[in-house]
Amino acid sequence: MGSFPGGNVVRVTPTLSTDAYASGDVLFVATKIPNAVKNRGGVSKLKAMFVLDKDDTSDAANDIFFVFQEKEGTAPGTINSSANISDADFQANKPLGFIQLQGDRNTNGAGIQNSRLFFVNPGQGDGESSVPNLMLKADEGSTDVYVWAYLSGGTPTYSADGLELIFHIEYID
């Protein structure tokens, strides 16, 4: 994690299953993004998000949805099983929004062969020139925000710490 004036770069490694996933499976449950906002209960803006695939499963063209929420709350299901959360529990988690890693649309602007660093875009656009524009808000008394993810395509296998999420955050208050 590294701070800069007006913002922060936060790296998070979620815990993954080491068994093969299927489309619709929970990739990982709510994972803390520490200091996602500057002040307790505050707001920030997610300027960019990248995923470093340490296991190099990039050839699987995995589509991943990342769901952001204020509270750790109720799990969306079990890791490596279909997402299954009630409407009431989902709402109680205070969802903030989602962004998507589209495996078949990710390009490598730097021209690195077999790149394992992916830009997560808001679901439309060409990746590198699109930005998430997602506001992050921490629960009262906290500076942390939570993210969980599920697969909507591909059948990857990861090591327990095979993905690193990299958040570029601009502090607002």
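Going by the structure above, here's the rest.
Quantities reported herein were computed from a predicted structural model and do not represent experimental measurements.

1. Describing the nonpolar core
Point 1. Residues Leu-27, Leu-46, Met-49, Phe-66, Phe-68, Phe-167 and Ile-169 are the most contacted members of the largest nonpolar core, which totals 32 residues.
Point 2. Looking at this core, the elements that each hand over two or more residues are strand E2 (7-12), strand E3 (26-33), strand E4 (43-53), strand E5 (63-69), strand E6 (95-101), strand E8 (134-137), strand E9 (145-153) and strand E10 (163-171).
Point 3. Considering each element in turn, this core owes the most residues, 5 residues, to E10.
Point 4. Look past the residues within four positions of Phe-167 in its chain and what remains in contact with it is Asn-8, Val-9, Val-10, Val-12, Ile-33, Leu-46, Ala-48, Met-49, Phe-68 and Val-147.

2. Things to note about the pairing of E5
Point 1. E5 sits mainly inside the fold: 7 of its 7 residues count as buried.
Point 2. The alternating pattern of E5 places Asp-63, Phe-65, Val-67 and Gln-69 on one face and Ile-64, Phe-66 and Phe-68 on the opposite face, and all of these are buried.
Point 3. Of the strand pairs in this sheet, E5 and E9 are connected by 7 bridges, and their pairing is antiparallel. Bridging from a neighbouring strand, Phe-66 pairs with Ala-149 of E9.
Point 4. By the bridge criterion, 6 bridges tie E5 to E6 in an arrangement that is antiparallel. Of the residues in E6, the one forming a bridge with Phe-66 is Ile-99.

3. A closer look at the side chain of Glu-164
Point 1. Following the sequence through the fold, Glu-164 ends up in strand E10.
Point 2. For Glu-164, a relative accessible area of 13% gives the class buried.
Point 3. Side-chain polar atoms of Glu-164 contact the side chain of Arg-11, separated by 3.2 Å.
Point 4. Once residues lying within four places of it in the same chain are set aside, the contact partners of Glu-164 are Arg-11, Val-12, Thr-13, Phe-50, Val-51, Leu-52 and Lys-54.

4. So, the side chain of Asp-25
Point 1. Relative to the elements of secondary structure, Asp-25 occurs in the loop between E2 and E3.
Point 2. Although buried, Asp-25 forms no salt bridge, and the nearest oppositely charged side chain, Lys-54, lies 21 Å from it.
Point 3. One polar contact links the side chain of Asp-25 to the main-chain amide nitrogen of Ala-22, over a distance of 2.8 Å.
Point 4. Setting aside residues up to four positions removed in sequence, Asp-25 forms contacts with Asn-80, Ser-81, Ser-82, Ala-149, Tyr-150 and Leu-151.

Rules of the game
- Sequence positions are assigned chain by chain, starting from 1 and proceeding in written order.
- Under the rules for a predicted model, residues below a pLDDT of 70 receive no local features and side-chain atom pairs below 80 are neither given nor counted, while totals for whole chains, interfaces and linings still include all residues.
- Side-chain measures were taken over the full set of non-hydrogen atoms in the model, leaving aside hydrogen atoms and water.
- In these notes, a set of buried Ala, Val, Leu, Ile, Met, Phe, Trp, Tyr and Cys residues joined through side-chain atoms within 4.5 Å is what counts as a nonpolar core.
- Partly exposed describes any residue whose relative accessible area lies between the buried limit of under 20% and the exposed limit of over 50%, with all areas from a 1.4 Å probe on protein chains only and scaled to the type maximum.
- What counts as a helix is a DSSP run of H or I of at least four residues, what counts as a strand is a run of E of at least two, and both are numbered from the N terminus.
- Pairs of residues are marked as contacts when any of their non-hydrogen atoms sit within 4.5 Å.
- Strands are labelled as partners when DSSP assigns at least two bridges between them.
- Here a polar contact is taken to be a pair of N or O atoms separated by no more than 3.5 Å, where protein atoms must pair a possible hydrogen donor with a possible acceptor and residues adjacent in sequence count only if both atoms sit in side chains.
- Just so you know, the count uses Lys and Arg for positive and Asp and Glu for negative, and it drops His and the chain ends.
- In what follows, salt bridge is the name for a side-chain nitrogen of Lys or Arg lying within 4 Å of a carboxyl oxygen of Asp or Glu.

By themselves, these figures tell us nothing about what the structure is for.
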